[in-house]
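Chain by chain, the residues run as shown.
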Amino acid sequence: MAATLFMVRATITKDQEAAFNKWYDEEHVPQVLRYNGAISGRRYKRIMGEDKYDYMALYEFKNEETFKEFQASGHLRELRAEYDKYFGTVSDRAGTGWVQVFP
């Protein structure tokens, strides 16, 4: 089974950036990683190129089946609701899934 990545890109208003980063690092990523089959989570900030999104989170799941289960789970619904509660009016986000094809 190939590893599967969940990429979430986000914007955040400058006045909420510090709170966003603290919450994402200390609360949100650890909550995602509690899901059985979530292997790792990392965050990145864009340093070059034109893009609407300034931040990216990459989560690795053990396989595509686990990723699809996560997408349909109550766990993800709760995570999205919490995100919207804190940052829904000051952030846009987009998520995409990727499965490893090589090697």
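To start, this report covers the structure provided alongside it. (Residues numbered from 1 in each chain as written. Predicted model: local features only at pLDDT ≥ 70, side-chain atom pairs only at ≥ 80, totals over all residues. Heavy atoms only, no water.)

1. Things to note about helix α1 (residues 17-33)
So, point 1. With 17 residues, α1 extends 22 Å from end C-alpha to end C-alpha; this agrees with the ideal 24 Å at 1.5 Å per step.
So, point 2. Along its length, α1 reaches its greatest deviation from straightness, about 45 degrees, at Y24.
So, point 3. Those residues of α1 not exposed but buried are E17, F20, N21, W23, Y24, H28, V29, Q31 and V32.
So, point 4. The secondary structure elements touched by the buried residues of α1 are β1 (4-10), β2 (38-45), β3 (55-61), α2 (64-71) and α3 (74-87). (Helix = DSSP H or I, 4+ residues; strand = E, 2+ residues; numbered from the N terminus. Expected span 1.5 Å × (residues − 1). Bend = angle between axes of the 7 residues up to and from the residue. Buried < 20%, exposed > 50% of the residue type's maximum accessible area, 1.4 Å probe, protein only. Contact = heavy atoms within 4.5 Å.)

2. Overview of the sheet that holds strand β4 (residues 93-99)
So, point 1. The strand order across the open sheet built from four strands is β2-β3-β1-β4, with neighbouring strands paired in antiparallel fashion. Two strands bound the open sheet, and with one partner strand each, they are β2 and β4. If you compare each strand with its neighbour and ignore which way they point, the axes differ by 15 degrees on average.
So, point 2. Where β2 meets β3, seven bridges bridge the pair, whose relative direction is antiparallel. Bridge pairing in β3 places R43 opposite A57.
So, point 3. Of the strands in this sheet, β1, β3 and β4 are in contact with α2, which crosses β1 at around 40 degrees. (Pairing = 2+ DSSP bridges. Axes fitted to C-alpha atoms, helices over the stretch in contact; angles between N-to-C directions.)

3. Focus: the packing of α1 against α3
So, point 1. Packing of α1 against α3 brings their axes to within 11 Å, and their N-to-C directions diverge by 170 degrees. With respect to α3, the element α1 is oriented roughly antiparallel. Each of A19, F20, W23, Y24, E27, H28, Q31 and V32 in α1 lies in contact with α3, whose residues at this interface are H75, L79, E82, Y83, Y86 and F87. (Parallel < 35°, antiparallel > 145°, perpendicular 65-115°, else oblique.)

4. Here we look at the nonpolar core
So, point 1. F6, F20, Y24, Y59, F61, F70 and Y83 are the most contacted members of the largest nonpolar core, which totals 21 residues.
So, point 2. Elements supplying a minimum of two residues to this core: β1, α1, β3, α2 and α3.
So, point 3. With five residues, α1 is the single largest residue contributor to this core. (Core = buried A, V, L, I, M, F, W, Y, C linked by side-chain atoms within 4.5 Å.)

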